[in-house]
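# Remarks on the overall topology
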Amino acid sequence: ALIAKLNNDRKLTIVTASTGFGKTTLLAQFARLQTQPVVWLSLSLDEAEPLNLAYALVKAISFAAPLFSFDLPLNPSTGDLKLGSDLARAVNRWD
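Keep in mind that this is a model prediction, so the values were computed, not measured. Residues take numbers from 1 onward in each chain, read along the sequence in its written order. A pLDDT threshold of at least 70 governs which residues receive local features in this predicted model, and a stricter bar of 80 or more applies before side-chain atom pairs are shown or counted, although totals over entire chains, interfaces and linings include all residues. Excluding hydrogens and water, the side-chain figures rest on all heavy atoms present in the structure.

## Describing the overall build of the protein chain
How we decide: Numbering goes from the N terminus for both helices and strands, where a helix is a DSSP run of H or I of at least four residues and a strand is a run of E of at least two. Classification of residues uses two cut-offs on accessible area relative to the type maximum, computed with a 1.4 Å probe and protein chains only: under 20% is buried, over 50% is exposed, and between them is partly exposed. Working rule for contacts: check all heavy atoms of both residues, and any pair within 4.5 Å makes them a contact. Here the accessible surface of atoms and residues is derived via Shrake-Rupley with a 1.4 Å probe, and residues count as covered only by protein chains that are part of the display.
Regarding its fold elements, the protein chain presents 4 helices and 0 strands. Secondary structure elements of the protein chain, listed N to C terminal, follow the sequence α-α-α-α. The buried share of the protein chain, reckoned over its 95 residues, is 24%. Taking contacts inside the protein chain between residues at least 6 apart in sequence as the whole, the part at least 24 apart equals 48%. Taken as a whole, the protein chain presents about 7100 Å² of accessible surface, with 57% of it coming from carbon and sulfur.

What follows is the structure in structure tokens.
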């Protein structure tokens, strides 16, 4: 039943729950059924900062779909990355 809820036309789905509720099992089953790339990002406290979260998302999307690769510095705190627009472009163009 939960897999069916994940199978939709959304370009981005976020799954959240406490430890032990089966997120990993659910998402692993979902990913095996997909024909398109799946980006799986496990978050840490570092991603509580919006810039770090955006950087991690763009990096994960770039890895799964090289068409959306971005020239990112190794450290998200260096330079003007314009990650918000890069991330929006990647998600909006994902087919």
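So much for the structure itself; the text now carries on.
## A short note on the confidence of the model for the protein chain
Heads up, the rule is: A score from 0 to 100, pLDDT tells how confident the predictor is in each residue.
For the protein chain, per-residue confidence averages 75 on the pLDDT scale, and 68% of positions sit at 70 or higher. Ranking the elements of the protein chain by mean pLDDT puts helix α4 (residues 83–93) last with 63 and helix α2 (residues 23–33) first with 91.

## A few points about helix α3 (residues 50–64)
The condition that has to hold: Each helix should span, by expectation, one fewer than its residue count multiplied by 1.5 Å.
With 15 residues, α3 ought to run about 21 Å at 1.5 Å a step, and its terminal C-alpha atoms sit 21 Å apart, in line with that. Among all positions in α3, only Ala54, Tyr55, Ala56, Val58, Ala60, Ile61 and Ser62 are buried.

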